[in-house]
Amino acid sequence: MKATRSWAEPYKIKMVEPLFMSTQEQREGYLKEAGYNTFLLRSKQVYIDLLTDSGTSAMSDRQWAGMMMGDEAYAGSENFYHMEDAVRRYYGYKHVIPTHQGRGAEHILSQILINKGDVVPGNMYFTTTRLHQELAGGKFVDVIIDEAHDPVSEYKFKGNCDIQKLQRVVDTYGAERVPYICMATTVNMAGGQPISMENLKTVRAFADKYGIMIVHDMTRVAENAFMIQQHEAGYSDRSIAEIVLEICSLTDAATMSAKKDALVNIGGFLAMNDPELYQKASNMVVVYEGLHTYGGLAGRDMEALAIGIGESVQQEHIRARIGQVQHLGQMLREAGIPLVLPIGTHGVFIDAKRFLPHVPQDAFPAQALAAEIYADSGVRTMERGIVSAGRNLETGAHNFPELELVRLTIPRRVYTQAHMEVVAESVVSVFEARDKIRGLKMIYEPTYLRFFQARFEPIQ
Ligand code: F0G
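Just so it is clear, the model here is predicted, and its values are computed rather than measured. Along each chain, the written sequence defines residue order, and numbers are assigned to residues from 1. Whole-chain, interface and lining totals are the exception, using all residues; otherwise, since this is a predicted model, local features are given only for residues with pLDDT of at least 70 and side-chain atom pairs are given and counted only at 80 or more. Side-chain numbers here rest on the full set of heavy atoms in the structure, without hydrogens or water.

The local shell around the ligand holds 17 residues, among which T52, R103, D217, S257 and K260 are the closest. Nitrogen and oxygen atoms within 3.5 Å of one another constitute a polar contact, given that in protein one can donate a hydrogen and the other can accept it, and given that sequence-neighbouring residues count only through two side-chain atoms. Note that an oxygen atom of the ligand is positioned 2.7 Å from one of the side-chain N or O atoms of R103. With the chains in place, 96% of the 470 Å² that the ligand exposes on its own is no longer accessible. Residue composition of the shell around the ligand, grouped by class: two nonpolar, eight polar and seven charged. Each of domain 1 (24-53 + 315-458) and domain 2 (61-312) contributes no fewer than three residues to the shell around the ligand. Residues are classed as near a molecule or strand on a simple rule: at least one heavy atom within 4 Å of it. To be clear on the numbers: accessible area is Shrake-Rupley with a 1.4 Å probe, and residue cover counts the displayed protein chains and nothing else. Side-chain classes are defined by residue name, with Ala, Val, Leu, Ile, Met, Phe, Trp, Tyr, Cys and Pro counting as nonpolar, Asp, Glu, Lys and Arg as charged, and the others, Gly among them, as polar. For each domain, the first and last residues come from an automatic or database assignment.

As a further point, take unusual backbone geometry. Cis rather than trans, the peptide bond between T185 and T186 has omega equal to -25 degrees. What counts as a helix is a DSSP run of H or I of at least four residues, what counts as a strand is a run of E of at least two, and both are numbered from the N terminus. Mapping T186 onto the fold places it in the loop between β5 (180-184) and α7 (197-210). Positioned with a positive phi, Y36 is a non-glycine residue whose angle comes to about 55 degrees. Of note, Y36 is situated in the loop between α1 (24-33) and β1 (48-49).

Further remarks concern the pairing of strand β3 (residues 119-122). Working note: regular strand, side chains alternate between the two faces of the sheet. Going residue by residue along β3, you find V119 and P121 tucked away on one face and V120 and G122 tucked away on the opposite face as well. Strand pairing is assigned whenever DSSP identifies at least 2 bridges connecting the two strands. Bridge count between β3 and strand β4 (residues 139-142): four bridges; the pairing is parallel. Bridging across to β4, P121 finds its partner in V141. For every residue, the accessible area obtained with a 1.4 Å probe (protein chains only) is divided by the maximum for its type, and the residue is called buried under 20%, exposed over 50%, and partly exposed between those limits.

This paragraph deals with the sheet that holds strand β11 (residues 382-384). Read across the sheet, three strands follow the order β9-β12-β11 without closing on themselves; strand pairing throughout is antiparallel. Only two strands of the sheet have a single partner each, and these edge strands are β9 (347-351) and β11. Put simply, the sheet's adjacent strands are angled 35 degrees from each other on average, direction ignored. Pairing analysis gives five bridges linking β9 to strand β12 (residues 405-409), with the strands arranged antiparallel. From the neighbouring strand, D351 faces β12, where its bridge partner is L405. Every axis in this analysis is a line fitted to C-alpha atoms, fitted for helices over the stretch in contact. Angles between the N-to-C directions lie between 0 and 180 degrees.

Formed by 61 residues in total, the largest nonpolar core has its most connected members in Y91, M183, M218, V244, F269 and I309. Beyond its immediate stretch of four places on either side in the chain, I309 contacts A86, V87, Y90, Y91, A262 and F269. By size, the runner-up hydrophobic cluster in this structure holds 51 residues, among which are L31, A34, L408 and F431. Definition used in this section: a nonpolar core is a set of buried Ala, Val, Leu, Ile, Met, Phe, Trp, Tyr and Cys residues joined via side-chain atoms within 4.5 Å. Any pair of residues with heavy atoms lying within 4.5 Å of one another is described as a contacting pair.

Between helix α4 (residues 102-113) and helix α10 (residues 275-288), whose axes approach to 10 Å, the crossing angle comes to 125 degrees. By the criterion of interaxial angle, the relationship of α4 to α10 is oblique. The interaxial crossing formed by α4 with α10 has right-handed handedness. Counted together, H107, I108, L109, Q111, I112 and L113 of α4 and L277, K280, A281, M284, V285 and Y288 of α10 form the full contact between these two elements. Considering only residue class, the contact of α4 with α10 consists of nine nonpolar, two polar and one charged. The labels follow the angle: roughly parallel below 35 degrees, roughly antiparallel above 145, roughly perpendicular from 65 to 115, and oblique for the rest. Each crossing gets its hand from how the near helix is turned against the far one by less than a right angle, where anticlockwise is left-handed and clockwise is right-handed.

Quick look at the pattern of salt bridges now. Any two side chains of opposite charge can pair if their charged atoms end up close together. We count a salt bridge whenever a side-chain nitrogen from Lys or Arg sits within 4 Å of a carboxyl oxygen from Asp or Glu. Considering all chains together, one arrives at 26 salt bridges under this definition. Across the salt bridge formed by K441 and E457, the nearest N and O atoms sit 3.9 Å from each other. On the criterion of sequence distance, the pair formed by K441 in strand β13 (residues 440-444) and E457 in strand β14 (residues 455-458) is long-range, its members being 16 residues apart. Residue classification places E457 among the partly exposed residues on the basis of a relative accessible area of 37%.

The structure is reproduced here in structure tokens:
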């Protein structure tokens, strides 16, 4: 692949969904009603929706055709076997249990593997993953490399695990208190940053030495594989499918939110090689999700997922997907917007600390910036900073994360290059008027995953 050639989309558009174009005055009213939380806006009030890449993909005509082949039997649906075949073929795990989405898989796995007082090291936290670890009695410990917490470090594999930090966890708590090591591909909260194959192999050797399992959060594994193909020595002539399979082969079990990489609007799964773990999980899934051959999904959803997995590892698809994200990032970078570098794979992350240096972190700069971008243009983004980081379970104080970010997350196969230009123009115009942004005060704080439903008021 020549870097000089364009990344244009390997598909054409066959159906469109009209968007509502609002005025700034209308948007200011919507924002007030929504408590300045972009999660509480109605989708109709949004012009370009960059809240998340989760469940927001456009499915292909093949996936839609597959939906018509739904076998809606309670037990043993044919679509489950198609999905199981796709997981075995593309990811290599022996057993798979469908779940309604990623957190369903995280819940079941955490309940089975974690005992009270256990410690789970991971390459940075994800909100739902950490909460399920904590609800099962475990404690999350961050073992990602320091570069991941530094928005200006341009290290290519900021998702890597720091083996010395991992060693310290084992030395401090003992290997018997570590039920598994959680490795995510790519690392969402670090800005969509990949882990290298070399690093994953080192983690594998470490895990083998101590007899610890590796659980793979494989939500964006194909995107990680693309970064390995582009930037890691020895992988430039390997296919995305081969690299994905190799990543999975270095791990023992996986949780998957198929709403991202796998191009479906709903669905996920838990996968593993150990038959005993499979037995336990397939029993637990009937309590919380549904029978082990549907796990909360309709037959048609499992069919779309089986087809989506195959599409997700196609070279032209992943190149255009990440190419679009990089294009937006490049436009913002050239305009001088402070970003997390390098540009990640599923979105562009604005560094709100540098964008709004005059707003203290406990006045929620990233939340305030997301609100301001929406008011400017109807572009919806998401806070990934102090609100997302929640409170320390023991002390009750805010967790103050190094990274205070606004995420411009790009849905797969949904928006055009012109949409990306509108987004860039809006961010630049907010940047030019950044001095007037004062920050927010939280007026309602829910107990769990507060960022979803918290409400705010502007500081006058
Ligand atoms: N792991 C990662 C890395 C994720 O990004 C997500 C979801 C999950 C697990 C949980 O999966 O939503 O299907 O239950 N991320 C979404 C996001 C919500 O917007 O980043 P889920």
